[in-house]
Amino acid sequence: MMKPARTKTPRKPVGKKGSQTSLKDPVGVYCRVRPLSFPDQECCIEVINNTTVQLHTPEGYRLNRNGDYKETQYSFKQVFGIHTTQKELFDVVANPLVDDLIHGKNGLLFTYGVTGSGKTHTMTGSPGEGGLLPRCLDMIFNSVGSFQAKRYVFKSNDRNSMDIQCEVDALLERQKREAIPNPKTPSSKRQIDPEFADMINVQEFCKAEEVDEDSVYGVFVSYIEIYNNYIYDLLEEVPFDPIKPKWNSCSTPVRNTDFVPLQSKLLREDKNHNMYVAGCTEVEVKSTEEAFEVFWKGQKKRRIANTHLNRESSRSHSVFNIKLVQAPLDADGDNVLQEKEQIAISQLSLVDLAGSERTNRTKAEGNRLREAGNINQSLMTLRTCMEVLRENQMYGTNKMVPYRDSKLTHLFKNYFDGEGKVRMIVCVNPKAEDYEESLQVMRFAEVTQEVEVARPVDKAICGLTPGRRYRNHVRAGPVGDELLVTEVVLQSFPPLPSCEILDINDEQTLPRLIEALEKRHQLRQMMMDEFTKQSFTFKGMLQEFDKGVSNKENSIQGKLNEKEKVISGQKLEIERLEKKTKTLEYKIEILEKTTTIYEEDKRNLQQELEAQNQKLQQQFSDKRRLEARLQGMVTETTMKWEKECERRVAAKQLEMQNKLWVKDEKLKQLKAIVTEPKTEKPERPSRERDREKAAQRSVSPSPVPNAPPLRLRHRRSRSAGDRWVDHKPASNVQTATVMQPHVPHAITVSVANEKALAKCEKYMLTHQELASDGEIETKLIKGDVYKTRGGGQAVQFTDIETLKQESPTGRKRRSSTVAPAQPDDAESEWTDVETRCSVAVEMRAGSQLGPGYQHHAQPKRKKP
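Note that the structure is a prediction, hence the values are computed from the model and not measured. (Residues numbered from 1 in each chain as written. Predicted model: local features only at pLDDT ≥ 70, side-chain atom pairs only at ≥ 80, totals over all residues. Heavy atoms only, no water.)

A. Spotlight on helix α5 (residues 288-299). Between its terminal C-alpha atoms α5 stretches 16 Å, which fits the 16 Å expected from 12 residues at 1.5 Å a residue. In terms of burial, α5 is a largely internal element, 10 of the 12 residues being buried. Restricting attention to buried positions, one finds in α5 the residues Thr288, Glu290, Ala291, Phe292, Glu293, Val294, Phe295, Trp296, Gly298 and Gln299. Where α5 is buried, its residues contact α3 (132-144), β12 (215-227), β19 (283-285) and β22 (317-328). (Helix = DSSP H or I, 4+ residues; strand = E, 2+ residues; numbered from the N terminus. Expected span 1.5 Å × (residues − 1). Buried < 20%, exposed > 50% of the residue type's maximum accessible area, 1.4 Å probe, protein only. Contact = heavy atoms within 4.5 Å.)

Structure follows, in structure tokens:
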């Protein structure tokens, strides 16, 4: 769309996000101009050609300073003049949407315009000239009427989906519904209401091409209205209370049973993230007459009022939904495939928007004023959504589209997100009094047709063989042929002998009969085997034939799709070039007419331009100074934070190094205990060395030469019932004490290993060290073995037993051979045993009990 008087901001080349292969189509916007009510009325809209209209400023509107009129042109996908028939409008706008509906795609068609511009007439029609709605219904039933499923085979639920029933359940429900008398329920057998009989009497026959004959269809309709931003179901049956008075829209109590206040409905989101009206009545219809009767029933409940501009002005937005349910036949082509996943649901929404109006012209008061405010607010929200969508697509922004600000936009947000095609018919009244309202409508149409909607993807219903519906009819053949084949088969059997037995001693009749029957049985078995073999062969040939046909169809379909893409691309390019050529021609003509006016205004505009340039230069210099100042502040702040971050990182690294050093020291101490880090055996105590020296000096014999050797006593462990790992490092010194630690059934190892720990429940470590008096002190460090989550074993030390030798005289002496105390390095190697063993050792799966230790408890603090 082009305005010669104003230039538009050029579109920025922004890369699209998401898939690059997704195709988008612009919203199709059409314009329909209604005829004037009186021939002598002043007209402000002129149809230039089949794609362009021009708005003339009527008398009394001086828009320019010099008093000249301002003419503006607007382009549409197609413009329909005052002599356009309903048939021509339907063929161009609604016919493609109905065709997509039958092929499983969604569609949205709505009429937009000021009050009294002919929106309801375009959608519904008038006697003798049906509108888009009855023509859509007629095309649907002309296309799928012979393939419809029986009533109640498809059953709607409250989750915006469909359930499928078998023929028996559907028959039972039909009988149940027929037994309940309900005169208000539409039926295809009832006589057509003469009130709308002329509207649905469509003379032109219209039918969709390439309808899937191997599927069954069901048509469901629903009718709602959005009044004061509340949703009402116009097909809802509300019981009438004759005692409690009802209130109409004028706050007046009525007793008429035809008017019943409805309960507002809520919007929900289904599992596919599509919006729907919860609890809305969906009626299954089988003909055009039945469907339009349902529509007319709801139309009587729709809110209309008499205003200053329109005698029957719609006070609400109405939405008539046509839902087409499609399910494939089974492999035999007789019954519906009982798989809910194979059901395809498509929907066509026909929306009649209430007209925008100005209260100073309609003279609205009270409820009419409130209704007009809600109507204008919802239409403004629709316009805002279109503007945000256009801005996001043109400039690559990601602004949130305010769909939820209005029930109207929230209900149809899925269509603008790519769930179907969107078409809009802009209805205008060419009279001069509606000039300002028509100007706003044209501007909205300009924004809307620049919005692009993702093209819906074709969905395959199932992979069954086509032609299933009529296969059984062809394969059955006439009854006479079946009888002839049966007779030929029977004649091929050998004849039966006489079965009459006249003599009791007859021993030949029965054997002959048995022999004949056995021959027949053998022949029958051979024929059955031959038949089975031929049937398998024929089945294989059919499968190969079907496979070849499907491959050819896929190849042909691929080529056709490529050709169609090329053709569609060429058509779009041709349309774009034609539109550009026409626009340039109109622009040249208008520029030639307005050249003189621009020359006169050039001098004044030159002075204003110089003043504006000076102002812009001043603003630009201020902006540069501000940018330099901000850049200095940003640089200073950045350097400050970089220094602070470096200081914090250095402190954190130092802290982590200290922690790692402490953990390494602890691991070294634990490894020194378990994996015998000592290379030298501890020296024997000074008492034993003195005894050895005394024995060497003494030459006298023992006072008891033949005394028997002492029997060693074994100290029994308190947990002898469990299996133990007895860990005795190789560096330990054998002591000649009477009491020796002994655990029965223990596994003795010099180095702890995973295999031994896996077989036992207890663990004991024999550790030796020098006591303060120079004697060897043996400690038995005991613990429990646990399995870890990683598949290894963990030891938790629980007890320490100490075996210590002391002199009988109680005299403590220090061995002269004991090395002096070492500095801090020796103290770090020989630390308190209790401190070193108050931790648990975990052996990980696959390790060799070497460096794979992990602390589970904190060691005790050393006393100062």
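After presenting the structure, the write-up continues.
B. Fine view of the pattern of salt bridges. With the rule as written, the count across this model stands at 29 salt bridges. For Asp158, the salt bridge is made with Arg159, and the minimal N-O distance between the two is 3.7 Å. By relative accessible area, which is 55% here, Asp158 ends up exposed. Looking at Arg159, the relative accessible area reads 47%, which means it is partly exposed. Residue Asp163 is joined to Lys340 by a salt bridge in which the shortest nitrogen-to-oxygen separation is 3.0 Å. With Asp163 in strand β11 (residues 162-164) and Lys340 in the loop between β22 and β23 (344-352), the pair connects residues that are 177 residues apart, well separated along the chain. Classification of Asp163 as partly exposed rests on a relative accessible area of 26%. Residue Lys340 is classed as partly exposed on the basis of its relative accessible area, which comes to 39%. What you see here is one network of salt bridges that share partners, running through Lys155, Glu173 and Arg177. (Salt bridge = Lys/Arg side-chain N within 4 Å of Asp/Glu carboxyl O.)

C. Expanded view of the environment of Asp99. Tracing the backbone shows Asp99 in helix α1 (residues 86-102). By relative accessible area, Asp99 is classed as partly exposed at 23%. Put simply, Asp99 and Glu209 are 110 residues apart on the chain and 7.7 Å apart in space, counted from C-alpha to C-alpha. If we skip the residues at most four places from it in the chain, Asp99 touches Met139, Ala208 and Glu209.

D. Molecular detail of the packing of aromatic side chains. Here the structure, examined in full by the defined rule, presents nine aromatic pairs. Each ring, one from Phe292 and one from Phe295, has its centre 5.2 Å from the other, and the planes form 50°; the classification is tilted. Here Phe295 and Phe292 lie together in helix α5, a separation of three residues that amounts to about one turn. The exposure classification of Phe292 matches that of Phe295, with both residues buried. Taking the centre distance of 6.0 Å and the plane angle of 50° together, the rings of Phe412 and Tyr415 count as tilted. Exposure class is identical for Phe412 and Tyr415. Each is buried. By the ring-pair criterion, three or more aromatic residues cluster together here, those being Tyr223, Phe292, Phe295, Trp296 and Phe320. (Phe/Tyr/Trp six-rings, centres within 6.5 Å; stacked < 30°, edge-to-face > 60°.)

E. Summary view of the sheet that holds strand β4 (residues 52-55). Taken together, three strands build an open sheet; the order of strands is β3-β4-β5 and the sheet is antiparallel. Both outer strands of the open sheet, β3 (45-49) and β5 (72-75), are each paired with one neighbouring strand and no more. Sheet twist, expressed as the mean angle between neighbouring strand axes with direction ignored, is 30°. Alignment of β3 against β4, held across four bridges, turns out to be antiparallel. (Pairing = 2+ DSSP bridges. Axes fitted to C-alpha atoms, helices over the stretch in contact; angles between N-to-C directions.)

F. Quick look at the pairing of strand β32 (residues 793-804). Relative to β32, strand β31 (residues 776-787) runs antiparallel, the two being bridged by 11 bridges. Bridging across to β32, Ile781 finds its partner in Ile800. Between β31 and the antiparallel strand that follows it, β32, lie five residues; Gly791 among them carries a positive phi value of about 95°.

G. Spatial organisation of empty space enclosed by the protein. Taken as a whole, this structure holds nine cavities of 30 Å³ or more when the rule is applied. Volume-wise, the second largest cavity comes out at about 100 Å³. Leu108, Phe110, Val351, Leu353, Leu382, Leu408, Thr409, Phe412 and Phe416 are the residues that line the second largest cavity. Every element with two or more residues in the lining of the second largest cavity is listed here: β7 (106-113) and α8 (407-411). A per-class count over the lining of the second largest cavity returns eight nonpolar, one polar and no charged. (1 Å grid on protein atoms, 1.4 Å probe; cavity = no way out; pocket = protein on both sides within 12 Å on 5 of 7 lines; lining within 4 Å. Points joined across faces, edges and corners; volume = space filled by probe spheres on them. Nonpolar A, V, L, I, M, F, W, Y, C, P; charged D, E, K, R; others polar.)

H. Summary view of α3. End to end, α3 covers 19 Å across 13 residues, agreeing with the expected 18 Å (1.5 Å per residue, within 8%). Most of α3 is tucked away, with 12 of its 13 residues classed as buried. Where α3 is concerned, the buried positions are Leu132, Leu133, Pro134, Arg135, Cys136, Leu137, Asp138, Met139, Ile140, Phe141, Ser143 and Val144.

I. Spotlight on the pairing of strand β24 (residues 420-428). Of all nine residues in β24, eight are buried, a share of seventy percent or more. Sheet analysis places β7 next to β24, joined by eight bridges and oriented parallel. Looking at β24, one finds that Asn106 is bridged to Gly420.

J. Geometry of a nonpolar patch on the surface. Together, Ile501, Leu510 and Ile514 make up a nonpolar patch on the protein surface, roughly 280 Å² of accessible area in all. With relative accessibility at 47%, the residue Leu510 sits in the partly exposed group. (Patch = residues over 30% accessible without salt bridge, like charges linked within 9 Å, V, L, I, M, F, W, Y side chains within 5 Å. Areas by Shrake-Rupley, 256 points an atom, 1.4 Å probe, with all protein chains shown as cover.)

K. Looking closely at the environment of Ala445. Here Ala445 is to be found in helix α10 (residues 435-448). For Ala445, a relative accessible area of 0% gives the class buried. Sequence separation between Ala445 and Phe76 is 369 residues; the distance between their C-alpha atoms is 8.4 Å.

L. Representation of the nonpolar core in the model. Membership of the largest hydrophobic core comes to 53 residues, with the highest contact counts inside it found for Phe76 and Met386. In this structure, Val93, Val219, Trp296 and Phe320 belong to the second largest nonpolar core, which totals 48 residues. (Core = buried A, V, L, I, M, F, W, Y, C linked by side-chain atoms within 4.5 Å.)

M. Structural view of the packing of α3 against α5. α5 packs onto α3 with a crossing angle of 145° between their chain directions and a minimal axis gap of 9 Å. In this structure, α3 crosses over α5, and the sense of that crossing is right-handed. Of α5, the residues touching α3 (which contributes Leu133, Pro134, Leu137, Asp138 and Phe141) are Thr288, Ala291, Phe292 and Phe295. Its residues assigned to classes, the contact of α3 with α5 shows seven nonpolar, one polar and one charged. (Left-handed = near helix turned anticlockwise from the far one by under 90°.)

N. Region of the structure containing the packing of α1 against α3. The interhelical angle for the contact between α1 and α3, taken along N-to-C directions, is 45°, at an axis separation of 9 Å. One finds that α1 runs oblique with respect to α3. Crossing handedness for the pair α1 and α3: right-handed. From α1, Gln86, Lys87, Leu89, Phe90, Ala94, Asn95, Val98, Asp99, Leu101 and Ile102 reach across to α3, where they touch Leu132, Arg135, Cys136, Met139, Ile140, Ser143 and Val144. When its residues are assigned to classes, the contact of α1 with α3 shows 11 nonpolar, three polar and three charged. (Parallel < 35°, antiparallel > 145°, perpendicular 65-115°, else oblique.)

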